[in-house]
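What follows is the residue order along each chain.
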Amino acid sequence: MPEQCIRCLALILLSAQRPTCQCFLQINRALIQKTYQRNLHLCLFLGFVLGGAFGVFTAGIDTNVGFDPKDPYRTPTAKEVLKDMGQRGMSYAKNFAIVGAMFSCTECLVESYRGKSDWKNSVISGCITGGAIGFRAGLKAGVIGCGGFAAFSAAIDYYLR
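Residues numbered from 1 in each chain as written. Predicted model: local features only at pLDDT ≥ 70, side-chain atom pairs only at ≥ 80, totals over all residues. Heavy atoms only, no water.

Quick note on the threshold: UniProt positions are given in the numbering used here, feature names are shortened, and annotations may be inferred rather than shown by experiment.
Looking at an unreviewed UniProt entry, one finds the chain named Mitochondrial import inner membrane translocase subunit TIM22 and attributed to Balaenoptera physalus. Per its UniProt entry, the chain bears the Subunit (unreviewed entry) comment "Component of the TIM22 complex." UniProt annotates the chain under Subcellular location (unreviewed entry) with the comment "Mitochondrion inner membrane".

1. Structural notes on the side chain of Asp-157
What counts, and what does not: Numbered from the N terminus, helices here are DSSP runs of H or I no shorter than four residues, and strands are runs of E no shorter than two. Working rule for contacts: check all heavy atoms of both residues, and any pair within 4.5 Å makes them a contact.
In this fold, Asp-157 is placed in helix H5 (residues 139-160). Discounting chain neighbours no more than four positions away, the residues touching Asp-157 are Asp-118, Trp-119 and Ser-122.

2. Examining a nonpolar patch on the surface
Just so we agree on the cut-off: The patches reported here contain residues having more than 30% relative accessible area and no salt bridge. Joining distances are 9 Å for like charges and 5 Å for nonpolar side chains (Val, Leu, Ile, Met, Phe, Trp, Tyr). Computed with a 1.4 Å probe, the accessible areas rest on the Shrake-Rupley method; for each residue, only the protein chains presented here act as cover. Salt-bridge detection follows one rule: a side-chain nitrogen of Lys or Arg within 4 Å of a carboxyl oxygen of Asp or Glu.
Where nonpolar side chains cluster on the molecular surface, the patch consists of Leu-42, Phe-45, Leu-46, Phe-48, Val-49, Leu-50 and Met-90 and spans about 650 Å² of accessible area. The biggest single contributor to the nonpolar patch is helix H2 (residues 22-61), with six residues.

Laid out in structure tokens, this is it:
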């Protein structure tokens, strides 16, 4: 560790002032980058796991799982039902992971741009994410998606803070 970094760490520990030396700024950037990466990975993982669980749950409730339209009177086998449940679970898992990654990345970008960490970041990120998802179906759907996702993000942020 260079002598300048040792002085910088001493400044951090001994004074209440925020040091401006280059080593501190590099350490600070590295910590922020690791935090953003950790949040992105956590959103991807949780989105994948929760989406998969939700997909398997909804497939278990659905009466058309394993249904063959060519022969409607045939009872599907357990293997066919489990295969359909797995496919639906994987589909939901991918979609939830993508939405989680979109939200996490936009929240990171908004927080970096604004330079603040408050509830407004999640609301703005929710609006951007919901709008981007809904905009594929048209302008009205994009506006509704923006408002809905922003309101949901605000409610979750209010509950968690």
